[in-house]
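What follows is each chain in one-letter form.
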Amino acid sequence: MSEGRGMFRNPYDIETPAGADGWESMYPGYFIFGDELRDRDESKLWFFDQMHNPEPVYPFDLMMPESWLVSLNQYTTRVWRLPTALGIEQRIVNGYLYLSPNVIEDPTAIAERAPTFDRRARHYFENWDEIYANWVEKATTCIEALKQISFQPLAEVEPEATVLEHRGTTTAFDLLTSYSRLLENAHEMAYFHFEMLNLAYGAYLTFLEFCRSHFPAITDDLVARMVAGIDVILYRPDAELRRLAGRAVELGVGDVLKGHEEPAEIVAALEGSAAGKEWLEDLEQVKDPWFYYSTGAGYCHANRAWIDDLRPPFSALRDYVARVERGEDLARPIAHLRAERERLADGYRDLLDDDEAPAFDSLLALSRQVFPFVENHNFYVEHWHHSIFFNKVRELGEVLVAAGMLEQSDDIYFLHRYEVYAVLYEAEAAWALGVPTRGQLTWRAEIARRRRIYSVLETWSPPPALGVPPEKVTEPITVTLFGINNETINRWLAAESASDADDDLRGLAASPGVAEGVARVVHRVEELDALEDGEILVCPLTAPSWSIVFARIGAAVSDGGGIMSHAAIVSREYELPAVVATGIGTQLVMTGDRLRVDGNTGVVTWLSRVERPAVTVP
Amino acid sequence: MEADLAERSAVSPSPKAPVVLATEECTAELVTVVGGKAVGLGSLIRSGQNVPASFVVSASAYLGYAAWRNDGGEGVPAELADEIVLAYQQLCQRQQSEVVVAVRSSATVEDSSDSSCAGQFSTYLGVSGDTDVVGTVERCWLSALAPHVSAYREARQLSAEDQGIAVVVQELVDAQTAGVMFTRHPRTGDRSLVVVEASYGLGEAVVGGEVIPDLFELNKVTGRVQERVLGSKPFEHRLSADGRAVETEAVDPDRQRAWSIGDETLEALLEMARQLESSIGRGLDIEWAIGSTRSDSSGSELFALQVRPITVDRRSAPLVASGSPVDIVLRRLGGGHHPHHGE
């Protein structure tokens, strides 16, 4: 199939990198571009879900996308019956997740769906506060239920209690049912995740478009600042660190926090004094829930939360303690931020005519009413719930290691969640039999093969999009949840055809200001250690917990993300220039390049480049 | 156009009306007597802007002159000339020197919000001395009688008899930098922007489209400069040393590559735009200059030179958002209405 103008590469023409043959076997068949749907699949747009899954999807972690494949899309298609949209499809190419929206254009079909949508969505909007309060209850209950699930290795001998209590079933049965409960629990949270999200984003999108129609030059960032909550819980983990830093200085243990690298050493040193103990007690109080704060987007088990790895929060604490000692006030200037938000809103309202202002006010009020959900669900779902969830899976991994099925607990992530059933069942069979089973050998070999494939896939650079884009991207879920719109598509198309290496890199202007500096390309949170003060962070996408480095960087540039993405929010908070959604920034920029980042226009310009490795033509 | 500038006047020029008016007295209801330019200047003064000293020769004087010519008179009748000289002398006295002025026609058909024929009338720069001033006022009157102007008026179905022109005599600013600004985006109609064009020397280079000025877009709400585009400014018009002539000089390459105005000036211009929009009304086209007058060459300052309503509202139809916010959102999500204009 020839590639005409305005098309991305055909998904069927993408080659598997050498050494990754057979990657398809890690995923369910319906994730693979197969011949059965070829005519359909190669003629539509597929965009890379860099925002949530910047790295190859681990077979187990695929349950996160699979959960929304069902929950989000059920809401769109069957619950709300959004008049203009069906579900968003998913495929995997060389390990990377691609998505494709489906729109309804037939006026009859749209009209047929409209009354249901209007009635049901209206019910939610009109009862929003009550439903949201109830949502918080449901989410918290779900998280509490998750905490109760545990996985214990099977003992050599079934515990005495089974007999004395006449249970009838065994701990092996508990293990299997616990795993079912774990999956059900995660699936339940996935439904809660999307119960209110589409509608909330929809209200925001409408206000954004209203503003753009009256003020064509208004930037998304300004609209976001008029709507964004000031006191949202997503800022709490960082706020708690700032508070703890102040407390450490008060108690006179600031030097202990600054004096060691390893969190374990710091904790040991603090335990040596009464003041240190007092501070540690404070820390313990804060940990649940605020340290259930993932270092990633919350979709990959590899992004550990602060609760599991204290290095990121302790590293931030060192910095915060030093700032407190210099006399800085670390508290967020809430009153100032609030006044700034009102000043912007008043400023724009005052420019409108009298007959236009009421719609502005009412849409702004509705956006502000629904937006706490958008901001807060992130903590409940992606951070709090998912961090605990992945730890539970790791616990199960230990059980399978103990049962001799896996080499190490992390192996479990190379199994699809339904393969885990098979492995678990076989482990129980072996336990029941008292003699080895074949799978104890075959699964280890299979996981070793998958690890080799995965490490090859990690080095592959997924194109931002594949296939044929529609004339216009208007499907509201794509626009709001995934930040893909006409401009994004055009920019990617332009980037794909551009061969001139001197071209600027273009993205969305996410946080105003201009900064120049040396680029540091960072793919993973662990690489943040290398970052030097004042450097420009160039990354696939930042997670909220990366916010602790934002105090040190000069500007942020991310491949993915939208105007409400973490990098954008945190950059505005730190008043740093940020350009998001460049699509290919991490592929074009090299660490050491000097860049100018213009957060007003969304343009990143090269001031100088380090030498590129020679490209060999095969 | 709100308020001051657009009001239709009930006052008609007549030979009995005053020959000369103080510019600050030129309000909208006097537009047919003093013309749009004088009304604009008057509103700048009343808004507290820094405006070069000036006076206005009314359309009544023009009508008197026209009648005199019809009756076979030559030159400017003495009673008109005396009044103009008196006003000029008062101007010189106030500034304590022989003031160099610009003499501009202020037409009663020009600058009105539905008929933009700016530039059809005359401007003379670098005029000084009683005789020259009176002579230049007469040249403005003569050019108003010129056939091509009459043709334009006929096309607009206005007759010369009931209109006439006024003439503004204003101390000339020796501008180092000058330009125009629009208090809404000229292309998109975006009301949150002030678009500034600036170049070196007298503003005529910008107004007349002789150079590509530096372009700036300022956000009224945030105060931020959202866009800067460097222009092409190979030459500038400056006053000669004696102030009596305008000379065109080449701009050296370094200055061509530099911005003609800096952030401080942009801030001051934004403030001027805000003040004028709140005192006069929204949607203004403002001429400004930075420089000194010969009567006070001690330092350069920012002057407001002219204001007029933007004649065409190019805004495309914005979202018609009626009903409750929930109705609006449901319409958007339901595909019933996609509020990007032009879609």
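Residues numbered from 1 in each chain as written. Chains lettered and ligands numbered in written order. Predicted model: local features only at pLDDT ≥ 70, side-chain atom pairs only at ≥ 80, totals over all residues.

Caption draft 1: Focus on the overall build of chain B. Counting secondary structure elements, chain B contains ten helices and 13 strands. The buried share among the 343 residues of chain B stands at 48%. When contacts within chain B are restricted to residue pairs at least 6 apart in sequence, those whose partners lie at least 24 apart make up 65%. (Helix = DSSP H or I, 4+ residues; strand = E, 2+ residues; numbered from the N terminus. Buried ≥ 20, exposed ≤ 12 C-beta atoms within 10 Å, placed from the backbone. Contact = placed C-beta atoms within 7 Å.)

Caption draft 2: Up close: the overall build of chain A. Each helix and strand counted, chain A has 21 helices and twelve strands in total. Relative to a compact globule of 618 residues, whose C-alpha radius of gyration would be 25 Å, chain A shows 25 Å and is just as compact. For the C-alpha atoms alone, the extent of chain A along its principal axes is close to 80 × 70 × 60 Å. Burial status across chain A gives 48% buried among its 618 residues. Put simply, 69% of the contacts in chain A that link residues at least 6 apart link residues at least 24 apart. (Rg over C-alpha atoms; globule rule 2.2 N^0.38 Å.)

Caption draft 3: Main features of helix H5 (residues 130-145) of chain B. All names here are of chain B. An ideal rise of 1.5 Å per residue puts 22 Å on 16 residues; H5 measures up with 23 Å between its terminal C-alpha atoms. The complete set of buried residues in H5 reads Val133, Val134, Thr136, Val137, Cys140, Trp141 and Ala144. In an axial view of H5, the angular spread of the buried residues amounts to 160 degrees, which keeps them on one side of the axis. Facing away from the buried side of H5, by more than 90 degrees, are the exposed residues Thr131 and Leu142. (Expected span 1.5 Å × (residues − 1). Arc of directions from axis to C-beta.)

Caption draft 4: Up close: the pairing of strand E7 (residues 514-521) of chain A. Sheet topology places E7 of chain A next to strand E11 (residues 594-598) of chain A; five bridges connect them, and they run antiparallel. Its bridge partner being in E11 of chain A, Glu516 of chain A is matched across the sheet by Arg596 of chain A. (Pairing = 2+ DSSP bridges.)

Caption draft 5: Just helix H14 (residues 334-351) of chain A, in detail. All names here are of chain A. Between its first and last C-alpha, H14 extends 26 Å over 18 residues, near the 26 Å set by a 1.5 Å rise per residue. For H14, the full list of buried residues reads Ala345, Tyr348 and Leu351. The arc that holds the buried residues of H14, viewed along the axis, is 135 degrees, so those residues lie on one side. Set apart from the buried face of H14 by more than 90 degrees, the exposed residues are Ala335, His336, Arg338, Ala339, Glu342 and Asp346. Turning to H14, the residues buried within the fold contact helix H7 (197-214), helix H8 (220-227) and helix H15 (357-402).

Caption draft 6: Focus on the domain arrangement of chain B. Residues and elements named next belong to chain B. Taken as a whole, chain B is organised into domain 1 (3-171) and domain 2 (174-309). Residue-level contacts link 26 residues of domain 1 with 22 residues of domain 2. Those elements that place two or more of their residues in the side of domain 1 that touches domain 2 are helix H1 (3-6), helix H2 (31-46) and strand E4 (123-127). Among the residues making up the side of domain 1 that touches domain 2, the classes are represented as ten nonpolar, twelve polar and four charged. (Domains from an automatic or database assignment. Nonpolar A, V, L, I, M, F, W, Y, C, P; charged D, E, K, R; others polar.)

Caption draft 7: Representation of the pairing of strand E9 (residues 555-558) of chain A. All names here are of chain A. Because side chains alternate across E9, one face comprises the buried residues Ala555 and Val557, and the other comprises Ala556 and Ser558, equally buried. Judged from the four bridges that link them, strand E8 (residues 536-539) and E9 form a sheet pairing that is parallel. If you follow Leu537 over to E9, its bridge partner there is Ala556. As defined by bridge partners, E9 adjoins strand E10 (residues 578-580) across two bridges and the pair is classed as parallel. Across the sheet, residue Ala556 finds its bridge partner in E10, namely Ala578.

Caption draft 8: Structural context of the sheet that holds strand E2 (residues 54-57) of chain B. Residue and element names in this part refer to chain B. The sheet built from five strands is open, its strands ordered E1-E2-E5-E3-E4 with antiparallel pairing. Since the sheet does not close on itself, it has two edges, and those belong to strand E1 (20-22) and E4, each with one partner. Taking each pair of neighbouring strands and ignoring which way they run, the sheet shows an average axis angle of 25 degrees. Pairing geometry for strand E3 (residues 101-107) and E4, over three bridges, is antiparallel. Along E4, the bridge assignment pairs Arg104 with Thr123. (Axes fitted to C-alpha atoms, helices over the stretch in contact; angles between N-to-C directions.)

Caption draft 9: Geometry of the domain arrangement of chain A. Residue and element names in this part refer to chain A. Taken domain by domain, chain A holds domain 1 (11-122 + 461-477), domain 2 (141-201 + 378-457), domain 3 (233-325) and domain 4 (501-608). In this structure, domain 1 and domain 4 have C-alpha centres spaced 28 Å apart. With five residues of domain 1 in contact, the opposing surface of domain 4 contributes nine residues.

Caption draft 10: Region of interest: the interface of chain B and chain A. Counting residues at the interface gives 28 residues for chain B and 37 residues for chain A. The element best represented in the side of chain B that touches chain A is helix H10 (residues 325-333) of chain B, accounting for seven residues. Among the residues making up the side of chain B that touches chain A, the classes are represented as twelve nonpolar, ten polar and six charged.

Caption draft 11: Structural context of the nonpolar core. Counting residues in each nonpolar core, the largest one holds 172 residues, and the members touching the most others are Ala200, Phe207 and Leu400 of chain A. Per element, the largest residue contribution to this core is 20 residues, and it comes from H15 of chain A. Of all hydrophobic cores here, the second largest spans 85 residues; its members include Cys26, Leu30, Val99 and Ala166 of chain B. (Core = buried A, V, L, I, M, F, W, Y, C linked by C-beta atoms within 7 Å.)

Caption draft 12: Seen up close, the packing of helix H6 (residues 171-195) of chain A against H15 of chain A. Residue and element names in this part refer to chain A. The interhelical angle for the contact between H6 and H15, taken along N-to-C directions, is 165 degrees, at an axis separation of 11 Å. Classified by the angle between their axes, H6 and H15 sit roughly antiparallel to one another. Read as a crossing pair, H6 and H15 show a hand that is left-handed. Counting all contacts with H6, which are made through Leu175, Tyr179, Leu182, Ala186, Met189 and His193, the residues of H15 involved are His377, Val381, His385, Phe389, Lys392, Leu396 and Val399. Tallied by class, residues from the contact of H6 with H15 come to nine nonpolar, three polar and one charged. (Parallel < 35°, antiparallel > 145°, perpendicular 65-115°, else oblique. Left-handed = near helix turned anticlockwise from the far one by under 90°.)

Caption draft 13: Main features of unusual backbone geometry. Residue and element names in this part refer to chain A. Look at the link from Asp288 to Pro289: it is a cis peptide, with omega at 15 degrees. Mapped onto the elements of the fold, Pro289 is located in helix H12 (residues 274-290). Positive phi is not limited to glycine here, since Arg81 has a value of about 50 degrees. Mapped onto the secondary structure, Arg81 falls in the loop between helix H2 (63-79) and strand E2 (85-93). The exposure class of Arg81 is buried, given the 20 C-beta atoms found within 10 Å.

Caption draft 14: Here's a closer look at the environment of Leu505 of chain A. If you trace the backbone, Leu505 of chain A turns up in strand E5 (residues 505-506). Note: C-alpha distance between Leu505 of chain A and Trp80 of chain A (425 residues apart in sequence) is 39 Å.

Caption draft 15: Layout of the sheet that holds strand E4 (residues 465-467) of chain A. Residues and elements named next belong to chain A. The four strands are arranged E2-E3-E1-E4 in an open sheet whose pairing can be described as antiparallel. The sheet is open, and its two borders are formed by E2 and E4, each paired with just one other strand. Within this sheet the neighbouring strands show an average axis-to-axis angle of 25 degrees, counted without direction. Set on the sheet, H2 makes contact with E2 and strand E3 (96-103); between it and E2 the angle comes to about 165 degrees.

Caption draft 16: Layout of the confidence of the model for chain A. Of all residues in chain A, 95% attain a pLDDT of 70 or more, and the chain-wide mean is 89. Note that pLDDT drops below 50 for residues 1-5 of chain A; the model gives that stretch three contacts with residues more than four away or on any other chain. (pLDDT = per-residue confidence, 0-100.)

Caption draft 17: Layout of the environment of Pro65 of chain A. Residues and elements named next belong to chain A. Assignment of secondary structure puts Pro65 in helix H2. Under the C-beta neighbour-count criterion, Pro65 is labelled buried, with 21 such atoms within 10 Å. Along the sequence, Pro65 and Phe414 sit 349 residues apart, while their C-alpha atoms lie 16 Å from each other. Contact partners of Pro65, with chain neighbours within four places excluded, come to Asn53, Val57, Gln90 and Leu97.

Caption draft 18: Structural view of the confidence of the model for chain B. All names here are of chain B. For chain B, the mean per-residue pLDDT works out to 81, and 80% of the residues sit at or above 70. Contacts from residues 1-10, a stretch scored under 50 in pLDDT, to residues over four places away or in other chains number 32 contacts. Overall, residues 337-343 carries pLDDT values under 50, and its contacts beyond four positions in sequence, including any with other chains, amount to 18 contacts. Here the prediction assigns the complex a pTM of 0.80, and the interface score ipTM is 0.80.

Caption draft 19: Layout of the environment of Arg452 of chain A. Residue and element names in this part refer to chain A. Among the structural elements, Arg452 can be located in helix H17 (residues 439-457). The exposure class assigned to Arg452 is partly exposed, which follows from the 13 C-beta atoms found within 10 Å. Here the alpha-carbon distance between Arg452 and Tyr413, two residues 39 residues apart in the chain, equals 14 Å.

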